[in-house]
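A structural walkthrough
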Amino acid sequence: MIFGFGRRADDADLDEEEEVEHVQFLGPLSGAEVNLGQNARLAEAGLLPAKELVTDALLRRADRIRIEPKGNVAAVSLFVDGKPYPGGRLSKQQGLAVTQMLKLLAGLNIKERTKRQSGGLKAELEEVPYELGVESSPLGEGAERLSVTIRNLKQKLDTPEALGFSDDMRAKIRTSAALKRGLILVCGPPYSGVTTTTYAVVRTVDAYIYNIYSIAGTGTRELSHITETEIKEGDDLPTTIQRIRRMEADALFLDPLRDAETVKTLFAEREKMCYISEFPAKDAAHGILQLMKWTGDPKLVVDGLSLIISQKLIRTLCKDCREAYRPNPKIVQKVGLPPETKVLYRPPQPDPEDQEYQPCTTCGETGYIGRAGLYELIELTDEMKQFLLSGSPTPQSIKQQARKLGMQSLQQEGLRLVAEGRTSLEELQRAFKPAS
Ligand SMILES: [Zn+2]
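Thoughts on the overall build of the chain
When helices and strands are counted, the chain shows 15 helices and 16 strands. Scaling as 2.2 N^0.38, a compact globule of 436 residues should have a C-alpha radius of gyration of about 22 Å, and the chain matches this with 25 Å. Considered along the principal axes of its C-alpha atoms, the chain spans approximately 85 × 65 × 45 Å. Counting only residues that meet the buried cut, the chain has 36% of its 436 residues in that class.

Side note on the sheet that holds strand β11 (residues 251–253)
Ordered in space as β10-β9-β11-β12-β8-β13-β16, the seven strands form an open sheet in which the pairing is mixed. The sheet is open, and its two borders are formed by β10 (227–228) and β16 (368–379), each paired with just one other strand. Pairing of strand β8 (residues 182–188) with strand β12 (residues 274–280), which is carried by seven bridges, proceeds in the parallel orientation. Each residue of the ladder has a partner; that of leucine 185, found in β12, is serine 277.

Comments concerning the confidence of the model for the chain
Looking at the chain as a whole, its pLDDT mean stands at 88, while 94% of the residues score no less than 70. Long-range and interchain partners of residues 1–17, a stretch whose pLDDT sits below 50, account for zero contacts in this model, where long-range means more than four residues apart.

Observations concerning the domain arrangement of the chain
Assigned domains within the chain: domain 1 (20–152) and domain 2 (160–317 + 327–332 + 342–349 + 359–432). With nine residues of domain 1 at the interface, the matching set in domain 2 holds nine residues.

A look at the environment of phenylalanine 267
Its place among the elements puts phenylalanine 267 in helix α8 (residues 260–268). Given 20 C-beta atoms within 10 Å, phenylalanine 267 falls into the buried group. Residues phenylalanine 267 and leucine 305, 38 residues apart in the sequence, show an inter-C-alpha distance of 8.0 Å. Residues contacting phenylalanine 267, with those up to four places away along its chain left out, are Thr295, Leu300, Val301 and Gly304.

Describing the nonpolar core
Counting residues in each nonpolar core, the largest one holds 62 residues, and the members touching the most others are Ile184, Ala251, Leu252, Ile288 and Ile308. A per-element tally of this core places strand β13 (residues 305–317) first, with six residues. Setting aside anything within four residues of it in sequence, one finds leucine 252 in contact with Tyr213, Ile215, Ile244, Met273 and Tyr275. With 33 residues, the next largest nonpolar core counts Ile65, Val76, Leu104 and Val148 among its residues.

Some thoughts on the pairing of β13
Of all 13 residues in β13, twelve are buried; the element is thus mostly enclosed. Here β8 pairs with β13 via five bridges, running parallel. Bridge pairing in β13 links leucine 185 to isoleucine 308. Here ten bridges tie β13 to β16, and the two strands are oriented antiparallel to one another. Bridging across to β16, leucine 313 finds its partner in glycine 373.

Concerning the packing of helix α2 (residues 40–59) against helix α3 (residues 92–105)
Between α2 and α3, the shortest axis-to-axis distance is 8 Å and the interhelical angle comes to 85°. If you check the angle between α2 and α3, you find them roughly perpendicular. Between α2, through Leu42, Ala45, Gly46, Leu47, Pro49, Ala50 and Leu53, and α3, the contact on the second element is made entirely by Gln94, Ala97, Val98, Gln100, Met101, Leu102 and Leu104. The residue makeup of the contact of α2 with α3, split by class, is eleven nonpolar, three polar and no charged.

What about the sheet that holds strand β6 (residues 128–140)?
Pairing between sheet strands relies on hydrogen bonds along the backbone, with the strands arranged either parallel or antiparallel. Taken together, seven strands build an open sheet; the order of strands is β1-β5-β6-β7-β2-β3-β4 and the sheet is antiparallel. Every other strand in the sheet has two partners, leaving β1 (24–28) and β4 (83–91) as the edge strands with one partner each. Across the sheet, the mean angle separating the axes of adjacent strands is 25° when strand polarity is ignored. One ladder, built from three bridges, connects β1 with strand β5 (residues 117–125); its direction is antiparallel.

Thoughts on the environment of threonine 159
Considering the arrangement of structural elements, one finds threonine 159 in the loop between β7 (143–152) and α4 (160–163). Measuring from C-alpha to C-alpha, the distance between threonine 159 and arginine 203 comes to 7.1 Å, with 44 residues separating the pair along the chain. Apart from the residues within four sequence positions on either side, threonine 159 is in contact with Ala200 and Arg203.

What counts, and at which threshold
Residues take numbers from 1 onward in each chain, read along the sequence in its written order. Given that the model is predicted, a residue must reach a pLDDT of at least 70 before its local features are reported, and side-chain atom pairs must reach 80 or more before they are shown or counted; all residues, however, enter totals for whole chains, interfaces and linings. Going along the chain from the N terminus, every DSSP run of H or I of four or more residues is numbered as a helix, and every run of E of two or more is numbered as a strand. Radius of gyration: C-alpha atoms only; globule rule: 2.2 Å multiplied by the number of residues to the exponent 0.38. Buried means a residue has 20 or more other C-beta atoms within 10 Å of its own C-beta, exposed means 12 or fewer, and partly exposed covers the counts in between; C-beta atoms are placed from the backbone. Whether two strands pair depends on DSSP finding at least two bridges between them. The predictor attaches a confidence to each residue, and that confidence, scored 0 to 100, is pLDDT. Note on contacts: each residue gets a C-beta atom placed from the backbone, and two residues are in contact if those atoms are within 7 Å. Here the bounds of each domain stem from an automatic or database domain assignment. Defined on buried residues, the nonpolar core groups Ala, Val, Leu, Ile, Met, Phe, Trp, Tyr and Cys residues joined through C-beta atoms within 7 Å. To get an axis, a line is fitted to the C-alpha atoms, and for a helix only the part in contact is used. The angle between two axes follows their N-to-C directions and goes from 0 to 180 degrees. Every angle not falling under 35 degrees, over 145, or within 65 to 115 is termed oblique; those three ranges are roughly parallel, roughly antiparallel and roughly perpendicular. Residues are sorted three ways: Asp, Glu, Lys and Arg are charged, Ala, Val, Leu, Ile, Met, Phe, Trp, Tyr, Cys and Pro are nonpolar, and all the rest, Gly among them, are polar.

Okay, structure coming up:
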């Protein structure tokens, strides 16, 4: 009797679960096979909670999930438009099971917990395809932090137009690429959309006029009219560049530059073609100094670097609930908005006493929906080269010089979006606050 009752309860549970549509995991991006049968115990403990967690994140428009062990629990954060929100707590065991499960699904080695690993998988929910990037970072004693970045493949936010590249910015990218030499680099902190911007930079270069090759691992991102090739086994980067040059390449797109050796090689080969890649640095000014440090030769960097772009993503106001207000003229002057600014926008600030207040369903009461890119460009013009080689430049002095030379800066771009009512002053302040 007890057994029978138990089984009925199980059946009822199953029926209930079927009502909620869960995300489907469609295999690692690497194309590797995932054997759930061989990992049956892990699948039993981790598959359903992993599905529930990812489904919840996708339905809340999250762009990243972070699972981190904290004492006896695993803290989950969901990042919506880059801002973290609590995503609930799992027990330590559940957190571990979900972490291991997602690693397995992304084709990572679940036995390895002492090295950083990254991979990804394809997923689908409600007929929307997604790409999930999975990265595990060791925290010691077998503990790991898991980060899942989410890309909605239906929202093709990867063209220069969709990302908001200005005409001037596009013209500068094209002029730099037309030199058929030197480096065009995009930099920014992790998870700031640098990769998406780098792809848009590659797309800005006219593939009908120039021969563009790629040796970057592109996952599911498509680059039309660009020839994909790879570093052949046994070949090093200079040999590969030589081979691609024989195919009359004008430009080469590479994976993110993470080590001094690769950077040195590209600068040494700077006359062969134009190289486009991304580079982990806080911003363009810090990036230039990092390149000088890695190569140990400021002259080489100044000669080989054509253009360095950095970016920041900023949340844009929800048009359904944004609220207009008249800003204090003193604040307008202090932040550097045009003096004629009469109206700015911000998220709604409902009176707590107001019984009639209807929260906005479009943005889920966050006041913001989606993000826009702010871009900063440092072009290695003759004046800029001269400046970089005289004295010892600092990030601040490079930025100052760039402004003096009329180059587009992140702050100016941010203020332009505030003046246009696309974002708020509060959001601008939040985005530029040093990370805590
Ligand atoms: Zn809204």
